Amino acid sequence: MHRRNSSVASSTAPHTLMPSPASPIHLDHRELNGLSEAAFSLMSLSAHQAATTIAIAGGIWLLGLLGILPLSETVQSDVWPALPLVALVSLGAYAFINIGYNLLVFRECPEAYQELMQEIQEAKDDLHAKNVDIA
């Protein structure tokens, strides 16, 4: 005996917010995140460039590790295997310094402050109109 598909809505079922299987909703993830087409294109280009750079650097490192690149014995046995760790520590130091610098030179936004103060005052007035006592 075959079971009836319960995902298909009958004609007597009440309307819901879910779309019917016959009319799917197509949402673009860029619209959901509020990104413009140019911003998304720039982000994917940057990600593509980063992935390509990492792949090329990883390939060169692997060639040196396997002995295909002509390196001195000291470099190949002592220095070359530690290069990924050095790159990771350098990236972490760069990120730490960059975040610290941007925190030091953080620019204040007087327009945003005024807008926030206005919204707080509107919220207080709204609460007072509803007889809510705030400290």
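This structure is a prediction, so every number in the text was calculated from the model and none was measured.

### Considerations on the overall build of the protein
In terms of helices and strands, the protein carries 5 helices and 0 strands. Here the protein displays about 12,400 Å² of accessible surface, and carbon together with sulfur accounts for 65% of that area.

### So, the pattern of salt bridges
Tallied over the entire structure, the rule returns 1 salt bridge. Taking the shortest distance from any N to any O, the salt bridge between Lys130 and Asp126 comes out at 3.6 Å.

### Things to note about the confidence of the model for the protein
Per-chain confidence: the protein averages 78 in pLDDT, with 70% of residues scoring 70 or above. When pLDDT is averaged over each element of the protein, helix H4 (residues 83–104) comes out on top at 94 and helix H1 (residues 29–33) at the bottom at 51. In the model, residues 1–20 has pLDDT below 50 throughout and makes 2 contacts with residues more than four positions away in sequence or in other chains.

### So, unusual backbone geometry
Here the phi dihedral of Asn131 falls at roughly 60 degrees; this positive angle occurs in a residue that is not glycine. Among the structural elements, Asn131 can be located in the segment after helix H5 (110–129).

### Quick word on a negative patch on the surface
A surface patch of like charges, here negative, comprises Glu115, Glu119, Glu122 and Asp125. Tracing the backbone through its elements, the reader meets Glu122 in helix H5. For Glu122, a relative accessible area of 46% puts it in the partly exposed group.

### Looking at a nonpolar patch on the surface
Where nonpolar side chains cluster on the molecular surface, the patch consists of Leu62, Leu63, Leu65, Leu66 and Ile68 and spans about 450 Å² of accessible area. In this fold, Leu65 is placed in helix H2 (residues 37–65). Overall, the relative accessible area of 34% leaves Leu65 in the partly exposed class.

Here is what the cut-offs are and how they apply
- Residues numbered from 1 in each chain as written.
- Predicted model: local features only at pLDDT ≥ 70, side-chain atom pairs only at ≥ 80, totals over all residues.
- Heavy atoms only, no water.
- Helix = DSSP H or I, 4+ residues; strand = E, 2+ residues; numbered from the N terminus.
- Areas by Shrake-Rupley, 256 points an atom, 1.4 Å probe, with all protein chains shown as cover.
- Salt bridge = Lys/Arg side-chain N within 4 Å of Asp/Glu carboxyl O.
- pLDDT = per-residue confidence, 0-100.
- Contact = heavy atoms within 4.5 Å.
- Patch = residues over 30% accessible without salt bridge, like charges linked within 9 Å, V, L, I, M, F, W, Y side chains within 5 Å.
- Lys, Arg positive; Asp, Glu negative; His and termini not counted.
- Charge placed at Lys NZ, Arg CZ, Asp CG, Glu CD.
- Buried < 20%, exposed > 50% of the residue type's maximum accessible area, 1.4 Å probe, protein only.

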